[in-house]
Amino acid sequence: MRRAAVVLAAVLVTTLVPAVVPTTAGAAPYPPVGRGTSFLDHRALLGDLAEPEWYEANIPFLDVPDQQLRDVYYYRWSTYKRHLRYTDRANGHVITEFHNPPGYSAPLGGIVAAAGHHIAEGRWLRDRRPVDDYLRYWLQGPGASEKPKEDYVNEDTDDWAHQYAFWAASAAYQRYLVTGDRASVVALLPDLVRQYDKWAPQFNPRLGLYWSVPVWDAMEYTASAYETDPADPYHGGHGYRPTLNAYQYGDAKAIAAVARLAGEQALARRFDTRAAALSDAAHEHLWDGDFFHHKARADLDPSESLVADREQMGYVPWMFGMDRPSDDVAWSTLTDPQGFAAPYGPTTVERRSDWFMHDALTGCCRWNGPSWPFSTSQTLTGLANLLNTRSQPYVSRDDYYSLLRGYALTQYKNGVPYVAEAHHPDEDRWIYDGRGHSEHYNHSTFTDLVINGLVGVRPGDPLVVNPLVPSTWDHFALENVPYRGRNVTVLWDRDGSRYGQGAGLRVYVDGRVVASRSGLGRLSVPVATVPVSRPAEVNDASNPAGTGYPRPFASYTNAIDDTWDVLDGRIYYDDIPHSRWTNYNSPNASDHLGVDFGVPTPVRDVRMYLYDDGGGVRTPASYELEYWTGTEWRVVPDQHRSPPAGNALNRVTFPPVTTSRVRVLFENPPGAKVGVTELGVWSPVAPSTPLALDGSTTTFTNDSGRAVKDVRVSLAVPPGWRATPRTPATAKVLRPGARLVTRWTVTPPDGLPPGDYPVRAFTATTSSEYGVARIPFDPADYPVVDLASLTDFTAHQPFAGEAVPSLTSADGLTATGSSPYFALVSSPVAPSSRDTVSLLTVGAFTNTGAAEDSVFVGWVMDKDNYVTAWYNNTRGASGLNVRVHGQFLETPGDAAVTLRPGDQFALLHHDDTITSYARVDGSWLPLRSASIGGALTQDHHYGLGVRASSGTLEVTNLTGLGAA
């Protein structure tokens, strides 16, 4: 192969990742709790939850006389924990809605619909980093990036943070009231204003209201959509709704509050004015005298009428303070048996509605009657706000507890706590609960409703404690609530016998009583903020993309497991979803699991989360960490290992070593094997001196506010490569604000296959994100394989519902059909080398605009076994399909590309990795890569595929490339 050129891909790192402070160990994996109280037995309350150390370090502990409510409280913290996903060094954490992100997710798996709920729950965590990262993700990072303006991801908006309605500013400000971190929320102010203003295309100045579509409020098939748009109740029903208008009101008030924190009084007045106008418009146009309703848009109803039905979303204004005392009559229907009341309610529309439960039991997802945790959370939040604001005759704190208890009882399945998508309002069963999809659904709040509502911890200046618990309760405790850098405990003990601290209601701050009263009621407590700082750190092993570097390796992997799962940022100690590596069925007495960084990398802190199912996969008898010297494996010297512990964090720290690979060597326990759900390699970071890598240029910036001496930048490249600076890579002194910009020449060794190879920049105190050195793909580097003629190909039918089309061959292959068809055709020739390319030339597409108008290229064994790349002409997108024994391997998401007649489409296989390429306008563009293990076998043959809803597809040529 001729390999004369290398291109450093111009991938700009917009989020800088400084790293590698020279210390032996990084930050502690869990935050310190600090001074507080110790009235409760935390381990006993946690029961059998895995990794109890995380909960002890992070959450407030609850003791209440209602066992079901208490058990659901801890279960919901476990649900939240499992949805904390570390993504990569640039972006840190996201908080997921589903375990496995669906195709309409934003990059890295976020879905903005419930982001406000996620932030509300997470504001009570002691470790602030996940929610800090998450806010930046939606407001500055991939969550704020461009998305298609297409119906399946909202055709009315152009970025992921506006795919669904989202109360971003309100969530951020309410979190600030808990953390007291003024600097962080003020830093977000420009982004919060931009997020608010980007809803402007949906604002009607005549009405003074925003319109939205129920499905993009996360509420498809609503009663209002059925009434106003019966032809399309799924993605139709455009109108002016209490939801987005209340969100925008709350965000305007929050932006005004943050602006005042920033000293921007004019901005604060402007957003206060916008909020007041929006409230006036909502009351004029959405309020009918007893409820807030959906108002049809004029294109659906020229009279712009209010819908007849009351829907639970009518309570959303109280969540954001857009209510007035005269509105409170709306709450009378909450407990009405013909209104929203239900044993497992509230219902999403009143029972008296003609659309109540219409088709709700025939498929997901209909929000016209079922009990929906997302909406229940909003209603309970609004109710707590009302009960803390004023007295009225319609609802009481007993109603709050009754509704919260019903919500807790809803969150059970087979006698144990559980949450899915929606529950039957009258029967004890989840009705939207897809296996492998809906389990432990993170789309609502519960712990926030207990802390902020039931126990009544109302953040602000001062802190107010106003419990909404039943007057019959003799005791409750909420211990060590993380609040403004302190620990707040709320204790109620009617006669002093439960906790032994005396009778009455007490509030403690950092272990000291600061307020008390003899009976239940309101207490006000001034709490000064104590700044909290934890050393920043990044995980150098994380790779949620499942391709490129860093990459995992193992001496043996069980057939149903995947080494990539240990680098995906997801920590699960059960089987739904399946995300782990094990050596189950290994013939070896010991096995190893490791990480290949691709370039020399300083390492000092390895954290692995061991999986133990109590059966064939157990805690290892022992383990040891090794590193690669370049020629051999050696034991990492002076390593300090925690004793092996199953379903828990196991940590190894040691003086720094620089290596391209590390591995953990496990000794199997007697009669069992071992498993790992996540493997991390953590480095401390120095945020004040970021280092960026952009193409072939490194930029070190001194943001520390003081001079930095003896700066030396190096560019780490794979073994055998050379990186040479073309401009200075050192500086004796860099003054504050100064930069050291270095341009590099990178030279690969001869004979490497095409692909993206890792590069990364380092200084003594800082590292960059990964960059890419790209060796271009050129078919001329490979000898041509004689595939005979297309008349010798065999056609396979992958799916019964799509027939094999009429196939004719002359110079190419033509497929024709009047109904949906799909055929994979295999040549009589198999690749003779593991380095192989399958390449086709596009002839013509059907251009029907239908869902399928696609070609495939790769290698085919039969209908159940193939390794292919696909291109869909209708969508202008390409991806990978790897099917083994009828099951599809998980591969990266789609790449946007457009192919025209005469363009070429290729799939390369090298070293168990496939990469697709498209030749467009004379250049080969890399599309998607995936590690597929041994999926390509000697029984696969060069092949192609044609798939269309109807019409004629043409491929003019299929070429096989590889060793002669």
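Calculation criteria
- Within each chain, residue numbers correspond to sequence positions counted from 1 in written order.
- Thresholds applied to this predicted model are a pLDDT of at least 70 for local features of residues and 80 or more for the giving and counting of side-chain atom pairs; totals over whole chains, interfaces and linings are not thresholded and use all residues.
- Side-chain numbers here rest on the full set of heavy atoms in the structure, without hydrogens or water.
- Here a helix means four or more residues in a row that DSSP labels H or I, a strand means two or more in a row labelled E, and each is numbered from the N terminus.
- Our radius of gyration looks at C-alpha atoms and nothing else; its globule reference is 2.2 Å times the residue count to the power 0.38.
- When accessible area is computed with a 1.4 Å probe and restricted to protein chains, residues below 20% of their type maximum are described as buried, those above 50% as exposed, and intermediate ones as partly exposed.
- By definition in these notes, contact holds between two residues if any of their heavy atoms fall within 4.5 Å.
- Each accessible area value is a Shrake-Rupley result obtained with a 1.4 Å probe; residue values ignore everything except the protein chains displayed when judging cover.
- The charge count treats Lys and Arg as positive and Asp and Glu as negative. His and the chain ends do not count.
- Lysine's charge is taken at NZ, arginine's at CZ, aspartate's at CG and glutamate's at CD.
- Among the buried residues, those of types Ala, Val, Leu, Ile, Met, Phe, Trp, Tyr and Cys that are joined through side-chain atoms within 4.5 Å form a nonpolar core.
- Any two strands between which DSSP finds at least two bridges are classified as paired.
- Here, a salt bridge means any side-chain nitrogen of Lys or Arg that lies within 4 Å of a carboxyl oxygen of Asp or Glu.
- Axis geometry follows a simple rule: fit a line to the C-alpha atoms, using only the stretch in contact for helices, then measure angles between N-to-C directions, giving values from 0 to 180 degrees.
- The criterion for an aromatic pair is that two Phe, Tyr or Trp rings (for Trp, the six-membered ring) have centres within 6.5 Å, with stacked assigned to planes under 30 degrees apart, edge-to-face to planes over 60 apart and tilted to the rest.
- Lysine NZ or arginine CZ positioned within 6 Å of the ring centre and within 35 degrees of the ring normal marks a charge as sitting over the ring.
- Here the angle decides the label: under 35 degrees means roughly parallel, over 145 means roughly antiparallel, 65 to 115 means roughly perpendicular, and every other value means oblique.
- Handedness of each helix crossing follows the sense of rotation of the near helix against the far helix: counterclockwise by less than a right angle gives left-handed, clockwise gives right-handed.
- When residues are grouped by polarity, Ala, Val, Leu, Ile, Met, Phe, Trp, Tyr, Cys and Pro land in nonpolar, Asp, Glu, Lys and Arg in charged, and all others, Gly among them, in polar.
- Counted as a polar contact is a pair of N or O atoms within 3.5 Å, where, for protein atoms, one must be capable of donating a hydrogen and the other of accepting one, and residues adjacent in sequence contribute only when both atoms are in side chains.
- How far a helix is expected to stretch is found by multiplying one less than its residue total by 1.5 Å.
- UniProt positions are given in the numbering used here, feature names are shortened, and annotations may be inferred rather than shown by experiment.
- Two cysteine sulfurs form a disulfide in these notes if their separation is within 2.5 Å.

Draft legend 1. Summary view of the overall build of the chain. Counting secondary structure elements, the chain contains 15 helices and 53 strands. Against the 2.2 N^0.38 benchmark of 30 Å for 964 residues, the chain shows a C-alpha radius of gyration of 30 Å, consistent with a compact globule. When the backbone C-alpha atoms are referred to their principal axes, the chain occupies close to 90 × 70 × 60 Å. Looking at the chain as a whole, 60% of its 964 residues qualify as buried. Once local pairs closer than 6 in sequence are excluded, the contacts in the chain between residues at least 24 apart make up 67%. Accessible surface computed for the chain: about 35200 Å², of which carbon and sulfur atoms make up 49%. Taking the average location of the 82 positive side-chain charges in the chain and that of its 107 negative ones, the two points are 9 Å from each other.

Draft legend 2. Expanded view of the nonpolar core. Counting 159 residues, the largest nonpolar core has Leu69, Trp138, Tyr400 and Leu404 as the members making the most contacts within it. In terms of residues, this core owes the most to one element, helix α10 (residues 242-261), which gives 11 residues. Discounting chain neighbours no more than four positions away, the residues touching Trp138 are Ala106, Gly110, Ile111, Val112, Ala115, Gly143, Ala144, Trp160, Ala161 and Phe166. Leu813, Ala823, Val857 and Val946 belong to the second largest nonpolar core, which has 40 residues in total.

Draft legend 3. Examining the pairing of strand β50 (residues 913-920) more closely. Burial of β50 is extensive: 7 of the 8 residues sit out of reach of the surface. Connecting strand β49 (residues 904-910) to the next strand, β50, in antiparallel fashion are 2 residues, including Asp911 with a positive phi near 55°. In terms of strand pairing, β50 meets strand β51 (residues 923-931) through 7 bridges, oriented antiparallel. Across the sheet, Tyr917 pairs through a bridge with Pro926, a residue of β51. Count of turn residues in the β50/β51 antiparallel hairpin: 2 residues, of which Asp921 carries a positive phi of about 55°.

Draft legend 4. Just the pattern of salt bridges, in detail. This structure, assessed with the given rule, holds 53 salt bridges. Across the salt bridge formed by Arg494 and Asp474, the nearest N and O atoms sit 2.6 Å from each other. Of this pair, Arg494 sits in the loop between β16 (486-493) and β17 (504-509) while Asp474 sits in the loop between β14 (463-465) and β15 (475-483), and the two are 20 residues apart along the sequence. Exposure remark for Asp474: the relative accessible area of 44% places this residue in the partly exposed category. The network of salt bridges with common partners includes Asp127, Arg129, Arg534, Glu537, Asp605, Arg607 and Arg651.

Draft legend 5. Region of the structure containing unusual backbone geometry. Between Gly345 and Pro346 the backbone carries a cis peptide bond, its omega angle lying at 5°. Tracing the sequence through the fold places Pro346 in the loop between α12 (316-319) and α13 (373-389). The step from Cys364 to Cys365 runs through a cis peptide bond, and the omega angle for that step is 0°. When you line up the elements, Cys365 lands in the loop between α12 and α13.

Draft legend 6. Structural view of the pairing of β49. With 5 of 7 residues buried, β49 is to be regarded as a mostly interior element. Relative to β49, strand β43 (residues 836-844) runs antiparallel, the two being bridged by 6 bridges. Opposite Thr841, over in β49, you have Gln904 as the bridge partner. Judged from the 7 bridges that link them, β49 and β50 form a sheet pairing that is antiparallel. The residue bridging His910 from the neighbouring strand is Thr913, located in β50.

Draft legend 7. Just the sheet that holds strand β7 (residues 239-240), in detail. The strand order across the open sheet built from 4 strands is β5-β6-β7-β8, with neighbouring strands paired in antiparallel fashion. The strands lining the two open edges of the sheet, one partner per strand, are β5 (203-204) and β8 (295-296). Relative to β8, β7 is paired through 2 bridges, and the arrangement is antiparallel. In the strand pairing of β8, Gly239 is matched with Ala296. With respect to the sheet, α10 is in contact with β6 (209-212) and β7, its orientation differing from that of β6 by roughly 135°.

Draft legend 8. Structural detail: the packing of aromatic side chains. Overall, the coordinates contain 48 aromatic pairs when judged by the stated rule. Arranged with centres 5.7 Å apart and planes meeting at 75°, the rings of Trp367 and Tyr432 form a pair that is edge-to-face. With a gap of 65 residues between them, Trp367 in the loop between α12 and α13 and Tyr432 in strand β12 (residues 430-432) connect regions that are remote in the sequence. Comparing Trp367 with Tyr432 shows no difference in burial state: the two are buried. Pairwise contacts between aromatic rings join Trp167, Tyr247, Phe320, Trp367, Trp372, Phe374 and Tyr432 into one cluster. Between the NZ or CZ atom of Lys81 and the centre of the ring of Trp54, over which it lies, the distance is 5.8 Å.

Draft legend 9. Just the sheet that holds strand β29 (residues 691-694), in detail. Reading across from one edge, β29-β30-β35-β33 is the order of the 4 strands in this open sheet, with antiparallel pairing throughout. The sheet is open, and its two borders are formed by β29 and β33 (722-725), each paired with just one other strand. If you compare each strand with its neighbour and ignore which way they point, the axes differ by 25° on average. Bridging between β29 and strand β30 (residues 697-701) involves 4 bridges; their strand directions are antiparallel. In the sheet register, Leu691 faces β30, and the bridge partner there is Phe700.

Draft legend 10. How the structure looks around the packing of helix α4 (residues 115-122) against helix α5 (residues 129-139). The N-to-C vectors of α4 and α5 enclose an angle of 160°; their axes lie 10 Å apart at closest approach. Here α5 runs roughly antiparallel to α4, going by the angle between their axes. As α4 packs across α5, the resulting crossing turns out to be left-handed. Touching Ala115, His118, Ile119 and Gly122 of α4 are Val131, Tyr134, Leu135 and Trp138, all from α5. Looking at the contact of α4 with α5 residue by residue, the class counts come to 6 nonpolar, 2 polar and no charged.

Draft legend 11. Representation of the side chain of Thr379 in the model. Following the sequence through the fold, Thr379 ends up in helix α13. Here Gln312 takes part through its side chain, which lies 2.6 Å from a polar atom of the side chain of Thr379.

Draft legend 12. Focus on helix α14 (residues 397-410). Given a rise of 1.5 Å per residue, 14 residues ought to cover 20 Å, and the 20 Å separating the end C-alpha atoms of α14 matches this to within 8%. Every buried residue belonging to α14 is among Tyr400, Tyr401, Leu403, Leu404, Gly406, Tyr407, Ala408 and Thr410, and all of these are buried. Of the surrounding secondary structure, the elements contacted by the buried residues of α14 are α3 (67-82), α13, β9 (412-413), β11 (422-423), β12 and α15 (447-454).

Draft legend 13. Representation of the side chain of Asn245. Assignment of secondary structure puts Asn245 in helix α10. Among the polar contacts made by the side chain of Asn245, one reaches the main-chain amide nitrogen of Tyr210 at a distance of 2.7 Å. Apart from the residues lying within four places of it in its own chain, the contact partners of Asn245 are Leu209, Tyr210, Tyr240, Leu278, Leu286 and Met322.

Draft legend 14. Structural view of α4. Taking burial as the measure, the 8 residues of α4 include 8 buried ones, the bulk of the element. Of all the positions in α4, only Ala115, Gly116, His117, His118, Ile119, Ala120, Glu121 and Gly122 are classed as buried.

Draft legend 15. The arrangement of the UniProt feature "domain: Alpha-galactosidase NEW3" (unreviewed entry) in the chain in detail. Mapped onto the present numbering, the UniProt feature "domain: Alpha-galactosidase NEW3" (unreviewed entry) falls at residues 697-761. Each end of residues 697-761 is marked by a C-alpha atom, and these two atoms are 10 Å apart; helix forms 0% of the span and strand 58%.

Draft legend 16. A look at the state of the cysteines. Counted according to the given criterion, the structure contains 1 disulfide. A disulfide bridge connects Cys364 with Cys365, and the sulfur atoms are separated by 1.5 Å. Taking the torsion about the sulfur-sulfur bond, which here is approximately 65°, the covalent link between Cys364 and Cys365 counts as right-handed. Assessed through its relative accessible area of 42%, Cys364 is described here as partly exposed. Judged by relative accessible area, which is 10%, Cys365 ranks as buried.

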